[in-house]
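Observations on chain architecture
Spelled out, the chains give:
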Amino acid sequence: MYQTIHKSALCAAISLCLSPAVLASDAKTLDTVQVTATRIERPLDEALASVTVISRADIQASQAPDLLDLLGRQVGVDIARTGGPGSGSAVFLRGGNSNHSLVLVDGIRVTSTGQGVFDFAHLPLEQIERIEIVRGPRAAFWGSDAIGGVIHVFTRDPSQASVRVLAGSYGRAGASAGAGFGDQDSGIGLTAGFQRLSGFSATNPQSTFSYDPDDDGYRNRNLSLRGRTGWGSQRLAFSAISTDADVEFDRGTTQARNSSAGVTLGGNLREGWSHQLTLGHAREDLDTASTFSNQFQSRRTSLDWLNSLDTGADATLSFGLNWQRENGASQNVFNGELFDQQRTSKAAFLAWGGRLGAHVLDLSLRHDDSDQYGGATSGNAGWGWSFNDRARLRLSWGEGFRAPNFNELFYPDTGFGFAGNPGLRPESSRTWEGGLEFEPTAGQRLGLSVYRSQVRDLIAFAAPVTNNALNINRAELEGVELEYRFQRDGWTAGGNLAWQDAVDAGTGNALLRRAKRKAHVDLGYRFAGGLELALDGDHVSSRPDFGATLDAYSLVHLRLALPLGAAWRLEARLENLTDRDYAMVSGYNTPGRSGVLSLVWNDKR
């Protein structure tokens, strides 16, 4: 079933980080708002969904080795990876498939048209300013893929110059730098980085695909550019990011090139009416050299027009139009061209949200129309009640869908036991969710979410004799999520717990590589001289894999940060303190005890 059920920034930062495909007001600070849940800037305490916001300060404090590791610490997120940094990976939101999560970079959809997923392994943390994770369906705002939720990455704001140099275990070495110039109205900036690892053997003798004990290395080169300028009453902004990675594996190497870009014109059309018009493009090129050499190209061009109308003191009517064209092509050494296809889709959505006294309401509806899979209509409704100054209850219902990817539609039968089917329907889902947010005292925050999802028309390569793709499976996903944060007198502490039951509704079997129980905890202290010391812990319960059961494991990590003057900072992180042997995918290795040392400079002017 792996194949079938797979959080006071400058005003300039708002225009740069949020400009593509989301509406934002310069009057509010990024620390108290989110923009992904409803595509307009709203305070976190009005989000009628389970939302995690990871700021640049959070990213730096975490000292996470990569984006996948950081995502894996968040509630409701499961990670599977086939080896070390750069290796193949999967991200599961709330037990759904890896292709049930919409992934955005600066508002631009970046999932591959071929597999329907995005490889987080190649997006460096030094290129990231902010991450918003919305758990639960968002199809009524964003369209296809957002069944389990949305992971929205905002690229680095280079207006504050920075440099990082690092070295670590497994031959890890890297550097990054960013700088920009401008004023409140106009500016331009660039961030560039490089990282390499000698690595370790991705596989072990339990691998059923291949085993070679040699080290599997990784190289990554990355560059981002962004700018903004005033244009009369409007603001013109652009952002672009490109990564070029070389991944070694037992049978060869893969070059993975990913890029995305967006240009946005936005501002007020009249009092109480703001808009943004965004042209976006994303592309992926995979070139694998091995016994089974193959290439894949993914292209997506999109145009979004978003509008926001104030309909009262605390209410907003938003509406938007979307057009996108997707292209996908695949070739291999034995068969030549496998497919070269494209499809075009159009969509419109309408949403209203506002506060009525102690109550918050959200209503939204979207219709997508494709020349390939037909139409899909999605709705969402939410209600929240702040019954005192410290506690809030929320309830929501939402629909989601996922359009078939190009592999599922067009991949020919090449004798490997699967083939596409152009007649596939979109997968669909319905979700109920309840939540409670509570602040017992200043500096403490507790969150509880309970959800249940039903997913229908899941695609499986299961046609009799031919194994062609069919809409035949169903899944039931339910769970409870608990989050806690504490900050006082130099101490910081927090964590999350998740209990989930993700099963194939037809067989009752648990879905692969998704843990029933998962936990993360962290405890840190900042000394008077600025030294920061912290411990992180993670626990993942046992989970099924192909022909095996992956054992439960617990990991402990230590991190330290020492200021070296006003602008310099020394960071050190020791991973897997107990040198625990564990697996995320059967037959594939994970890092043992290892460390990273970084020297960081941030311009404080």
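**Observations concerning the overall build of the protein**
Along its length, the protein carries five helices and 33 strands. Against the 2.2 N^0.38 benchmark of 25 Å for 605 residues, the protein shows a C-alpha radius of gyration of 23 Å, consistent with a compact globule. Principal axes of the C-alpha set define a box for the protein whose edges measure 60 × 55 × 45 Å. Considering the protein as a whole, with its 605 residues, one finds that 55% of them fall into the buried category. When the accessible surface of the protein is summed, it comes to about 24,600 Å², and 57% of that surface belongs to carbon and sulfur atoms. Distance between charge centres in the protein, computed from 58 positive and 67 negative side chains, equals 2 Å.

**Details of the pattern of salt bridges**
In total, this model carries 43 salt bridges according to the counting rule given. Ionic pairing is found between Asp 362 and Arg 42, a salt bridge with its closest N-O pair at 2.5 Å. Remark: Arg 42 occurs in strand S2 (residues 42-43) and Asp 362 occurs in strand S20 (residues 359-370); sequence separation between them is 320 residues. Residue class for Asp 362 comes out buried when judged on its relative accessible area of 7%. Taking the relative accessible area as the measure of exposure, Arg 42 reaches 8% and is therefore buried. Arg 109 is the partner of Asp 145 in a salt bridge, and the nearest nitrogen-oxygen pair spans 3.2 Å. Highlighted residues: Asp 145 in the loop between helix H4 (139-142) and strand S9 (149-155) and Arg 109 in strand S7 (residues 108-109), separated in sequence by 36 residues. Summarising the burial analysis for this pair, Asp 145 and Arg 109 share the class buried.

**Quick word on the confidence of the model for the protein**
On average, residues of the protein score 91 in pLDDT, and 94% of them reach the 70 mark or higher. Taken together, the stretch residues 1-31 has pLDDT below 50 and engages in 123 contacts with residues farther than four places along the chain or on a different chain.

**Here's the deal with the side chain of Asp 250**
Inspection of the secondary structure puts Asp 250 in the loop between strand S14 (234-249) and strand S15 (252-270). Taking relative accessible area as the criterion, Asp 250 reaches 15% and is therefore assigned buried. Of the polar contacts made by the side chain of Asp 250, one reaches the backbone nitrogen of Asp 212; its length is 3.0 Å. Not counting residues up to four positions away in its chain, the partners in contact with Asp 250 are Thr 203, Ser 210, Tyr 211, Asp 212, Asp 214 and Asp 216.

**Some points on the nonpolar core**
Leu 67, Leu 71, Phe 120, Leu 123, Ile 128, Ile 131 and Ile 151 are the most contacted members of the largest nonpolar core, which totals 33 residues. Counting only elements with at least two residues in this core, the list comes to helix H3 (67-72), strand S4 (77-81), strand S5 (89-93), strand S6 (101-105), strand S8 (128-135), S9 and strand S31 (553-563). With four residues, the top contributor of residues to this core is H3. Counting residues in each nonpolar core, the second largest holds 16 residues, with Ala 146, Val 150, Phe 349 and Ala 351 among its members.

**Examining the pairing of strand S21 (residues 374-388)**
If a strand is regular, its side chains alternate between the two faces of the sheet. Bridge analysis of S20 against S21 gives twelve bridges, and the strand direction is antiparallel. For His 367, the partnering residue across the bridge sits in S21 and is Thr 377. With antiparallel pairing between neighbouring strands as the criterion, S20 and S21 make up a hairpin whose turn holds three residues. Connecting S21 to the next strand, strand S22 (residues 391-402), in antiparallel fashion are two residues.

**Things to note about the sheet that holds S8**
One open sheet accounts for five strands, arranged S3-S8-S9-S6-S7; its pairing is mixed. The sheet terminates laterally at strand S3 (50-54) and S7, the two strands that pair on one side only. Alignment of S3 against S8, held across five bridges, turns out to be antiparallel. Bridging across to S8, Val 51 finds its partner in Val 134.

**Quick look at the environment of Glu 132**
Tracing the sequence through the fold places Glu 132 in strand S8. Residues Glu 132 and Asp 522, 390 residues apart in the sequence, show an inter-C-alpha distance of 20 Å. A polar atom in the side chain of Glu 132 sits 3.1 Å from the backbone nitrogen of Val 35. Within the local environment of Glu 132, its side chain forms a polar contact with the side chain of Thr 36, the two groups lying 2.6 Å apart.

Calculation rules
- Residues numbered from 1 in each chain as written.
- Predicted model: local features only at pLDDT ≥ 70, side-chain atom pairs only at ≥ 80, totals over all residues.
- Heavy atoms only, no water.
- Helix = DSSP H or I, 4+ residues; strand = E, 2+ residues; numbered from the N terminus.
- Rg over C-alpha atoms; globule rule 2.2 N^0.38 Å.
- Buried < 20%, exposed > 50% of the residue type's maximum accessible area, 1.4 Å probe, protein only.
- Areas by Shrake-Rupley, 256 points an atom, 1.4 Å probe, with all protein chains shown as cover.
- Lys, Arg positive; Asp, Glu negative; His and termini not counted.
- Charge placed at Lys NZ, Arg CZ, Asp CG, Glu CD.
- Salt bridge = Lys/Arg side-chain N within 4 Å of Asp/Glu carboxyl O.
- pLDDT = per-residue confidence, 0-100.
- Contact = heavy atoms within 4.5 Å.
- Polar contact = N/O pair within 3.5 Å; in protein donor to acceptor, adjacent residues only side chain to side chain.
- Core = buried A, V, L, I, M, F, W, Y, C linked by side-chain atoms within 4.5 Å.
- Pairing = 2+ DSSP bridges.

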